[in-house]
Amino acid sequence: MERLAFGGDYNPEQWPEEVWREDVALMREAGVNLVSVGIFSWARLEPREGSLDFGWLDRVIELLHAGGIRVGLGTPTVVPPAWFYRAHPEALPVSREGQRWAFGSRGAICHSSPAYQEAAARITRALGERYGDHPALAMWHVHNEYGVPVLECYCETSAAHFRSWLAERYGALKALNDAWGTAFWGQAYGDWEEIQPPRATPTACNPAQRLDFARFAGDSALANYRRERELLHELSPGVPVTTNFMVSPRQCDTIDYWRWGQEVDIVANDHYTMAEDDRNHIGLAMAADLSRSVGGGRPWLLLEHATSAVNWQPRGIAKAPGEMARNSLAHVARGSEGAMFFQWRASRAGAEKFHSAMLPHAGTDSRIWREVVELGAYVEALAPVRGTRTAADAAIVFDWQSWWAQRLEWRPSQDLDTRERAEAYYAALFDRHVTVDFVPPDAERERLAGYPLLVVPALYLTTAAAGANLRRYVADGGTLLVSYFSGIVDEHDAVHPGPHPGALREVLGLVVEEFQPLRSGQRVRLQAPMGAPPRPSGPGGGSPLTGDVWAETLVTAGAEPVWTYADGPAAGGPAITRHRHGDGTAWYVSSRLSAEDLDPVLAAASADAGIAPREDLPRDVEVVRREGESGSFVFVINHTGAEAKVPLARPGTELLTAERADGRLAVPSGAVRVVRLD
Ligand code: GLA
């Protein structure tokens, strides 16, 4: 692509051919230069087993090509045709409770099914052979959102596959019995054939078994993705292959995107704002930062978002005027090489007909269409940012496997919630105008060294190696801030030896003698003692912090208490601590604070990290930088109802209005501005 990408999912098979010409003409009017085609077209491409019909797709691609529109060509392997399921009902996945899902929707796939794997490879090969070197082809879009709506399958084929996966992982049964702690409740296995997937059990199921099954399910899907990718690399050399992720923890929770990010030629992400969340731009920013991070900071592509209503949410709330552009350009600010939508033209039939589109049911005489055309021009004007990278100020450690482990049954409190903590810390950093990268707990030393501040919102599962990694980061001079119930278990969900938090005890300079989960609705107050960092101005300035859900009896071993519990089960004891370790500092927060109450804690840790506060920037005015060979770009997104004045490091040219910008940029309410600094 020579510009940023602009376009969306295009499903011409839902429309008679005479509509296609109008589609292409309107796409050109809107500045569309890339569309995703054929994602759900298997039944149309192979109406009967072995009989292929490419005529219609040839014509669609030629029309697009003639219009100068590039194609992200789908492999339609997320919905095998009805004839396939009739011949292979065993390829429909089985739930944990033993129910086999039915055809009639999408994404009903047993990833261990040999019949599915073979049929998917056949259609992928046929597409690769036919279109692999087509000049309109910009990339391959494999499958659709692995992991959504279902990833795990508990059928007999999956069970056998799981056993061979385990045999490869553990080698010997003894190693598996040790890892799973099967001495507990008499679960020891004497033969591989005795092992089953963790199907519904009368009471709590072995957590290590469940965790391994979650890993296995991801690996099975990944193997299928790799099979398609390898075919396409062979048949279509030089054309990037990707699959659309859903990295937002609100939208997919079964895929370990740290693993998948390394498997795609370009990270592509789908994101839908949660319409009823007043500040849903924060969830959007978090998803965009995760998308960039799982690719290691590389530019990525927003492959789907919505122009307005999202049909699968409880209420299809329409976006307000300007909201779509703020959403789209916020993704671009955070590293996306364009803005793509689901979908081009609103469907007349099927489950998603009330989902918004670039071309709504109302047609071109509509607000949505006018905003789409305007956005197309903005995206075109932003061509110079292509290839630049978003500059982050700090990093958050997030780990999908730890999340899976933490949310299994019978944890010390049902209110512990990895996702909630990650979102709360992210929001608190967002409100401090700190741009965040995400990193895995085992990130390389050099990668971590680039961040003055590393925040660990919830890392229940922390391997010994990850613990050592975080310790070294601090010893090297970093500032680490860890939230409660982190560092507790190893990769098999077994508690680390010695007192909690085993993997992080040394770096934090303390011991958790006892967990003190709070009762539902119970609150505790955290008091800053004399001489501790004062609470900066802000809501409730000077008053104690309030925690809920969780408290701990802490015994310091080198750390100093900074806030102590004023009441509650750990009254008088340390609540938030600070530990000098090597050349750096490690903070620990032992209760659940709201994003607002986290602010003074982050302020104190940021001071250690040398991150200056941005009191010059109003709340909900997003300021993000992209930097690279083509220049330094400042994106300002004003989510507020008032004009914002944002200081610039130096003058520049605003790309959307082509106006000069001096030291202070005025951004109207609801608007976006992008300044290329001189
Ligand atoms: C997902 C899918 C699309 C569509 C949209 C609707 O992202 O990939 O096919 O269903 O959701 O929001």
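The structure this text deals with has already been given above.
Enquirer: Any details on the overall build of the protein? Residues and values, ideally.
Expert: The secondary structure content of the protein amounts to 18 helices and 29 strands. In terms of C-alpha radius of gyration, the protein reaches 26 Å, essentially the compact-globule figure of 26 Å for 678 residues. Seen through its principal axes, the protein has C-alpha atoms that stretch 75 × 75 × 40 Å. Per-residue burial for the protein yields a buried fraction of 59% across its 678 residues.

Enquirer: Give me the lowdown on the site of the ligand, citing residues and values where you can.
Expert: What surrounds the ligand is the set Phe 40, Arg 106, Asn 144, Glu 145, Met 246, Asp 270, Tyr 272, Glu 304, Trp 312, Phe 342, Glu 352 and His 355. With respect to the ligand, the side chain of Glu 304 contributes an N or O atom lying 2.4 Å from an oxygen atom. For the ligand, the protein covers 99% of the area, taking 300 Å² as the surface of the free molecule. Across the shell around the ligand, the residue classes tally to 5 nonpolar, 2 polar and 5 charged.

Enquirer: I'd love a proper account of helix α11 (residues 323–333), names of residues and values included.
Expert: Most of α11 sits inside the fold, with 11 of its 11 residues counted as buried. Buried residues of α11: Glu 323, Met 324, Ala 325, Arg 326, Asn 327, Ser 328, Leu 329, Ala 330, His 331, Val 332 and Ala 333, and no others.

Enquirer: A description of the packing of aromatic side chains should follow, citing residues and the corresponding values.
Expert: Here the structure, examined in full by the defined rule, presents 33 aromatic pairs. Judged by centre distance (6.0 Å) and plane angle (85 degrees), the rings of Trp 185 and Trp 410 are edge-to-face. Here Trp 410 lies in the loop between α13 (400–406) and α14 (418–431) and Trp 185 lies in the loop between α7 (173–180) and α8 (207–235), a separation of 225 residues in the sequence. Relative accessible area serves as the criterion here: at 47%, Trp 185 is assigned to the partly exposed category. Judged by relative accessible area, Trp 410 falls into the exposed class, the value being 61%. Look at Tyr 426 and Phe 430: their rings are 6.5 Å apart centre to centre, the planes differ by 35 degrees, and that puts the pair in the tilted class. Taken together, the residues Tyr 426 and Phe 430, both in helix α14 and 4 residues apart, mark about one turn of the helix. Here the two residues Tyr 426 and Phe 430 agree in accessibility, since each one is buried. Here the aromatic cluster, defined as three or more aromatic residues joined through ring pairs, consists of Tyr 154, Phe 162, Trp 165, Trp 180, Tyr 189, Phe 213 and Phe 216. Its guanidinium or amino end placed over the ring of Trp 56, Arg 44 lies 5.0 Å from that ring's centre, counting from NZ or CZ.

Enquirer: Which residues make up helix α12 (residues 367–381), and what values do they have?
Expert: With 15 residues, α12 extends 21 Å from end C-alpha to end C-alpha; this agrees with the ideal 21 Å at 1.5 Å per step. Residues Ile 368, Trp 369, Glu 371, Val 372, Leu 375, Gly 376 and Val 379 constitute the buried set of α12. Looking straight down α12, one finds that the buried residues subtend no more than 160 degrees of arc, so they occupy a single side.

Enquirer: Account for the nonpolar core, naming residues and giving values.
Expert: If you look at the biggest cluster of nonpolar residues, it comprises 178 residues, and the most contacted ones within it are Leu 64, Leu 73, Tyr 257, Leu 382, Leu 480 and Ile 576. Those residues in contact with Leu 64, other than ones at most four positions away along the chain, are Tyr 10, Val 24, Met 27, Val 35, Val 37, Ile 69 and Val 71.

Enquirer: Describe the pairing of strand β8 (residues 300–304), with residues and values.
Expert: With respect to burial, β8 is a largely interior element, 5 of its 5 residues being buried. Note: strand β7 (residues 268–270) against β8, 3 bridges, orientation parallel. Note on β8: the bridge partner recorded for Asp 270 is Glu 304. The β-α-β motif built from β7, the intervening helix α10 (residues 280–294) and the parallel element β8 has right-handed crossover chirality. Direction of pairing for β8 relative to strand β9 (residues 336–341): parallel, over a ladder of 2 bridges. When the sheet's bridge partners are listed, Trp 300 is paired in β9 with Ser 336. With respect to chirality, the unit in which β8 leads through α11 into the neighbouring parallel β9 is right-handed.

Enquirer: For a nonpolar patch on the surface, give the residues involved together with the corresponding values.
Expert: A cluster of nonpolar side chains, namely Phe 184, Trp 185 and Trp 410, defines an oily patch on the protein surface of about 430 Å² accessible area. Tracing the backbone shows Phe 184 in the loop between α7 and α8.

Enquirer: Kindly report on the sheet that holds strand β14 (residues 479–483), identifying the contributing residues and their values.
Expert: Read from one edge of the open sheet, 10 strands run β12-β11-β13-β14-β21-β20-β19-β16-β17-β22, paired in mixed fashion. Edge positions in the open sheet fall to β12 (436–439) and β22 (592–593), since each of these has one partner strand only. Pairing of strand β11 (residues 394–397) with β12, which is carried by 4 bridges, proceeds in the parallel orientation. Along β12, the bridge assignment pairs Ala 395 with Asp 437. Packing of helix α18 (residues 595–609) onto the sheet brings it into contact with β13 (453–456), β14, β17 (545–548), β19 (560–565), β20 (574–581), β21 (584–589) and β22, and relative to β14 it is tilted by some 155 degrees.

What counts and how
- Residues numbered from 1 in each chain as written.
- Predicted model: local features only at pLDDT ≥ 70, side-chain atom pairs only at ≥ 80, totals over all residues.
- Heavy atoms only, no water.
- Helix = DSSP H or I, 4+ residues; strand = E, 2+ residues; numbered from the N terminus.
- Rg over C-alpha atoms; globule rule 2.2 N^0.38 Å.
- Buried < 20%, exposed > 50% of the residue type's maximum accessible area, 1.4 Å probe, protein only.
- Near = heavy atom within 4 Å.
- Polar contact = N/O pair within 3.5 Å; in protein donor to acceptor, adjacent residues only side chain to side chain.
- Areas by Shrake-Rupley, 256 points an atom, 1.4 Å probe, with all protein chains shown as cover.
- Nonpolar A, V, L, I, M, F, W, Y, C, P; charged D, E, K, R; others polar.
- Phe/Tyr/Trp six-rings, centres within 6.5 Å; stacked < 30°, edge-to-face > 60°.
- Lys NZ or Arg CZ within 6 Å of the ring centre and 35° of its normal.
- Expected span 1.5 Å × (residues − 1).
- Arc of directions from axis to C-beta.
- Core = buried A, V, L, I, M, F, W, Y, C linked by side-chain atoms within 4.5 Å.
- Contact = heavy atoms within 4.5 Å.
- Pairing = 2+ DSSP bridges.
- Right-handed = clockwise from strand over helix to strand, strands pointing away.
- Patch = residues over 30% accessible without salt bridge, like charges linked within 9 Å, V, L, I, M, F, W, Y side chains within 5 Å.
- Salt bridge = Lys/Arg side-chain N within 4 Å of Asp/Glu carboxyl O.
- Axes fitted to C-alpha atoms, helices over the stretch in contact; angles between N-to-C directions.

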